[in-house]
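Commentary on secondary and tertiary structure
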Amino acid sequence: MNGDPVNWWHGAVGYEVYVRSFADSDGDGIGDLRGIRDRLPYLAGLGVDLVWVTPFYPSPQADHGYDVSDYLGVEPTYGSVDDATALIERAHELGLRVVFDLVPNHSSSQHPWFLDALIGRDAEHRDFYVWRDPAPDGGPPNNWVSNFGGPAWTLDERSGQYYMHLFLPEQPDLNWANDRVRTAFADIIDTWFARGVDGIRIDVAHALVKDEQFRDNPLLVEVAASSAPGDRFKAFDHVHDQDQEGVLDIYREWNRIAAKHDAMLLGEVYLLQTERLRRYVADGDGLHLAFAFATLHTTWDVDEIRTTLGGLVEAGGDDFAWPLGSHDDPRAATRFGGGEVGARRARAYLTLLCGLPGVPFLYQGDELGLDDGDLADDSAQDPIAVRNPGAAGRDPVRTPMLWEAVEGFGFTTGTPWLPFGANRRPEQAAAAQQGVPGSPLERTRDLLRARRELPALRKGAGSQWLADTGPVIALRRHPEDTSAADVVTALHVADGTGATGPASFRLPAPGRLVYASDDGVEVDGTTLRLPPDTAVFVELTS
Ligand code: GLC
């Protein structure tokens, strides 16, 4: 925000590492912390600033690490606490910041707290979780549903009460109305910050606090019980199981802990209404950044992109992180049409995201131009797919990284836990693209270099949208340093209009082309000619 001290994350570019699929150092087919550490020079060379590492804590892996059984340890398959601190140290040597993933909404059902809670109603940790008596008919206490299918309640036969879980039954929700839970997590984050981590990405950050009366959520549309979990979840208006006012108090406390360590709080706030999302970062005393997931929901439609991003930037773009993709959602290249077309559009879209205030985020492999891995049905690993026949899981976006053009793609010398995908080709590997002009990898490197070198993008002070209509979306950014130049980011979305030629766009002043996501761009005085599905940074020269 204007006038605020600039923190290290302002102007940064983020990169998400999905631990299981990034790099396997010991040949067991599963990515690990040493593998990540060894590949950090690649990330530094790519030009990202902060690396978010998905959960590597001890876990039965019911949801691939998002079911934590010890918040301060490391799953042996992934390494040790020493490997985690060595990773942080190496990252710091390379000038990178490291953000770990904290999963505070729920623990694993194998966490000692939950095992103790199961002993009975008087157990010491019983109240660490959310227990309710059955409804009068013996069924679940209310109509809440799990994100992963079925009701959000499972009956514990022994005590006769239900416990709540917004995800799998193996992921019981923690009870944030209990001060002891708050104290326990304050200690956990303080410990990781003291171990050197620069920030935390907070899983399901919008849902920790629930309605005190556990009221039913209003049903918006009738859906069959057999429909996909996502559709069932969306059938309800989630006014009581998420986004409660009190959740911000938790982040105010964590903000004070983070301040002691100059650490950053980044929320997975999966709320698509801008005004709801905005609250989490609005006052500067809660989360420092919140992911704006609306970026993942736009189709390749100029008005949709303009309206969505326009509203978010106006609402305070400095405090949003803009994901191009994630381990939970189809890759941008797939959403935008797949293959070469999809990769070209994804690259253009990333350019636009890099032109916004706030922190753009790549998901591993985006820089290689990858679309989703093509997997056979019988290779399903994601619990969403395994437990809900016919439902699309998240495996296609979690296929292992392609490092080298060899068998195992340099990811592993063993058998990968998830296949690479039938559509993967050796020439897509990072080593095969390295140094090849025009390759997705080199274009991404050029993009991030350009962003870093343009003060208006790196340390901006205000922005304005230039085109309300037409096939070009353009944002003008002003630099904080008034001796530096303004920069226009422009994207030509050729969406179903049949346009195959370039779009002409009038710049507010003559400009110099600094970066183009593809070839064929021309800048002539104030005229910018943009081929379809291409984006640019233009530095205004007067
Ligand atoms: C978040 C994670 C997702 C996980 C879920 C439950 O949405 O990104 O991968 O399954 O939370 O922890």
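For clarity, every value in this text was computed on a predicted model and none was experimentally measured. (Residues numbered from 1 in each chain as written. Predicted model: local features only at pLDDT ≥ 70, side-chain atom pairs only at ≥ 80, totals over all residues. Heavy atoms only, no water.)

A look at the nonpolar core
Under the convention used in this document: To qualify as a nonpolar core, a set must consist of buried Ala, Val, Leu, Ile, Met, Phe, Trp, Tyr and Cys residues joined through side-chain atoms within 4.5 Å. Each residue gets one of three labels from its accessible area relative to the maximum for its type: buried under 20%, exposed over 50%, partly exposed in between, using a 1.4 Å probe on protein chains only. Strands are runs of DSSP state E lasting at least 2 residues, helices are runs of H or I lasting at least 4, and numbering of each runs from the N terminus. In this analysis, two residues are considered to be in contact whenever any of their non-hydrogen atoms come within 4.5 Å of each other.
Residues Tyr15, Leu43, Phe56, Phe100, Phe185, Tyr251 and Trp254 are the most contacted members of the largest nonpolar core, which totals 141 residues. Ranked by the residues each element gives to this core, the list is headed by helix H4 (residues 179–194), at eight residues. Apart from residues no more than four positions distant in its own chain, Phe185 is found in contact with Tyr71, Leu102, Val103, Pro104, Trp113, Leu174, Trp176 and Trp254.

Considerations on the site of the ligand
Put simply, the test is: If a single non-hydrogen atom of a residue is within 4 Å of a molecule or strand, that residue counts as near it. Within 3.5 Å is the distance limit for a polar contact, defined as a pair of N or O atoms, with the added protein rule that one can donate a hydrogen and the other accept it, and that residues adjacent in sequence qualify only through two side-chain atoms.
In the vicinity of the ligand, 14 residues are found, and the nearest of them are Asp63, Asp203, Glu268, His327 and Asp328. Contact between the ligand and Arg201: an oxygen atom at 3.0 Å from a side-chain N or O atom of the residue. A distance of 2.8 Å is found between an oxygen atom of the ligand and a side-chain nitrogen or oxygen belonging to Asp203.

Considering the sheet that holds strand S3 (residues 97–102)
Put simply, the rule reads: When DSSP finds at least two bridges between two strands, those strands are taken to pair. A fitted line through C-alpha atoms represents every axis, and for helices the fit uses only the stretch in contact; the resulting angles, taken between N-to-C directions, go from 0 to 180 degrees.
With respect to topology, eight strands assemble into a closed barrel ordered S1-S2-S3-S7-S8-S9-S10-S11, the strand pairing being parallel. Put simply, the sheet's adjacent strands are angled 25° from each other on average, direction ignored. Pairing geometry for S3 and strand S7 (residues 199–202), over four bridges, is parallel. When the sheet's bridge partners are listed, Val99 is paired in S7 with Gly199.

So, the sheet that holds strand S4 (residues 131–132)
Spatial ordering of the open sheet is given by S4-S6-S5, a layout of three strands whose pairing is antiparallel. Where the open sheet ends on each side, the last strands, each with one partner, are S4 and strand S5 (153–156). Sheet topology places S5 next to strand S6 (residues 161–164); four bridges connect them, and they run antiparallel. Across the sheet, the residue bridging to Leu155 is Tyr162, located in S6.

Describing the packing of aromatic side chains
We apply this condition: Side-chain rings of Phe, Tyr and Trp, where Trp is taken by its six-membered ring, are said to pair if the distance between their centres is within 6.5 Å; with planes under 30 degrees apart they count as stacked, over 60 as edge-to-face, and otherwise as tilted.
Following the criterion strictly, the structure yields 36 aromatic pairs and no others. Ring centres of Phe114 and Tyr129 lie 4.8 Å apart, and the angle between their planes is 80°; on these two criteria the pair is classed as edge-to-face. On the criterion of sequence distance, the pair formed by Phe114 in helix H3 (residues 112–117) and Tyr129 in the loop between H3 and S4 is long-range, its members being 15 residues apart. What makes Tyr129 buried here is its relative accessible area of 1%. Taken together, a centroid distance of 5.7 Å and an interplanar angle of 65° make the contact between Trp131 and Tyr163 edge-to-face. Of this pair, Trp131 sits in strand S4 while Tyr163 sits in strand S6, and the two are 32 residues apart along the sequence.

Comments concerning the pattern of salt bridges
Where we set the bar: Each reported salt bridge corresponds to a side-chain nitrogen of Lys or Arg within 4 Å of a carboxyl oxygen of Asp or Glu.
Throughout the structure, instances matching the rule amount to 40 salt bridges. With its nearest N and O atoms 2.9 Å apart, the salt bridge here joins Arg90 to Glu93. Linking Arg90 with Glu93, this pair stays in helix H2 (residues 81–93), spanning three residues, or about one helical turn. Asp518 serves as the salt-bridge partner of Arg347, at 2.8 Å between the closest nitrogen and oxygen. Pair noted here: Arg347 is in helix H10 (residues 339–355) and Asp518 is in the loop between strand S16 (511–516) and strand S17 (522–524), with a separation of 171 residues, a long-range link. Residue classification places Asp518 among the buried positions, given a relative accessible area of 11%. Because the salt bridges share partners, they merge into one network encompassing Asp63, Asp328, Asp382, Arg394 and Arg398.

Comments concerning the pairing of strand S13 (residues 472–479)
With seven of eight residues buried, S13 lies mostly within the body of the structure. The loop that links strand S12 (residues 460–465) with its antiparallel partner S13 comprises six residues; one of these, Gly470, has a positive phi angle of about 90°. In terms of strand pairing, S13 meets strand S14 (residues 487–492) through six bridges, oriented antiparallel. Pairing of Ala474 across the sheet is with Ala490, part of S14.

Observations regarding the domain arrangement of the chain
How we decide: The split into domains, and so the bounds of each, comes from an automatic or database assignment of domains. For any pair of parts, buried area is found by adding up, for both, the accessible area (1.4 Å probe) each one loses once the two are put together. In this classification, Asp, Glu, Lys and Arg are treated as charged, Ala, Val, Leu, Ile, Met, Phe, Trp, Tyr, Cys and Pro as nonpolar, and every other residue, Gly included, as polar.
One can read the domain layout of the chain as domain 1 (14–106 + 177–448), domain 2 (112–164) and domain 3 (460–540). Each partner contributes to the interface: domain 1 provides 22 residues, whereas domain 3 provides 29 residues. Together, the buried faces of domain 1 and domain 3 total about 2200 Å²; carbon and sulfur atoms form 58% of this surface. Our enumeration of links across domain 1 and domain 3 arrives at five salt bridges. Where domain 1 packs against domain 3, one counts 14 residue pairs in polar contact (both at pLDDT 80 or more). Broken down by secondary-structure element, the contributors of at least two residues to the side of domain 1 that touches domain 3 are helix H8 (302–314), H10 and helix H13 (440–453). Broken down by element, the side of domain 1 that touches domain 3 gets its largest block of residues, eight residues, from H10. Grouping the constituent residues of the side of domain 1 that touches domain 3 by class yields eleven nonpolar, three polar and eight charged.

Notes on unusual backbone geometry
A positive phi angle, close to 55°, is found at Asp243, a residue other than glycine. With respect to the helices and strands, the residue Asp243 is situated in the loop between helix H5 (229–234) and helix H6 (247–261). A positive phi is found at Phe409, a non-glycine position, where the angle reads about 50°. Within the secondary structure layout, Phe409 lies in the loop between helix H11 (383–387) and helix H12 (430–433).

Concerning a nonpolar patch on the surface
Stated precisely, the cut-off is as follows: Patch membership needs two things, relative accessible area over 30% and no salt bridge, and members are linked within 9 Å if like-charged or within 5 Å if nonpolar (Val, Leu, Ile, Met, Phe, Trp, Tyr). Note on areas: Shrake-Rupley, 1.4 Å probe, and residue coverage restricted to the protein chains presented here.
A surface patch of nonpolar side chains, about 240 Å² in accessible area, is lined by Leu220, Val221 and Val223. Within the secondary structure, Val221 sits in the loop between S7 and H5.

Digging into the side chain of Asp173
Tracing the sequence through the fold places Asp173 in the loop between S6 and H4. Overall, the relative accessible area of 0% leaves Asp173 in the buried class. One polar contact links Asp173 to Asn105, side chain to side chain, over a distance of 3.0 Å. Look past the residues within four positions of Asp173 in its chain and what remains in contact with it is Asn105, His106, Phe128, Tyr129, Val130, Met164, His165, Leu166 and Lys210.

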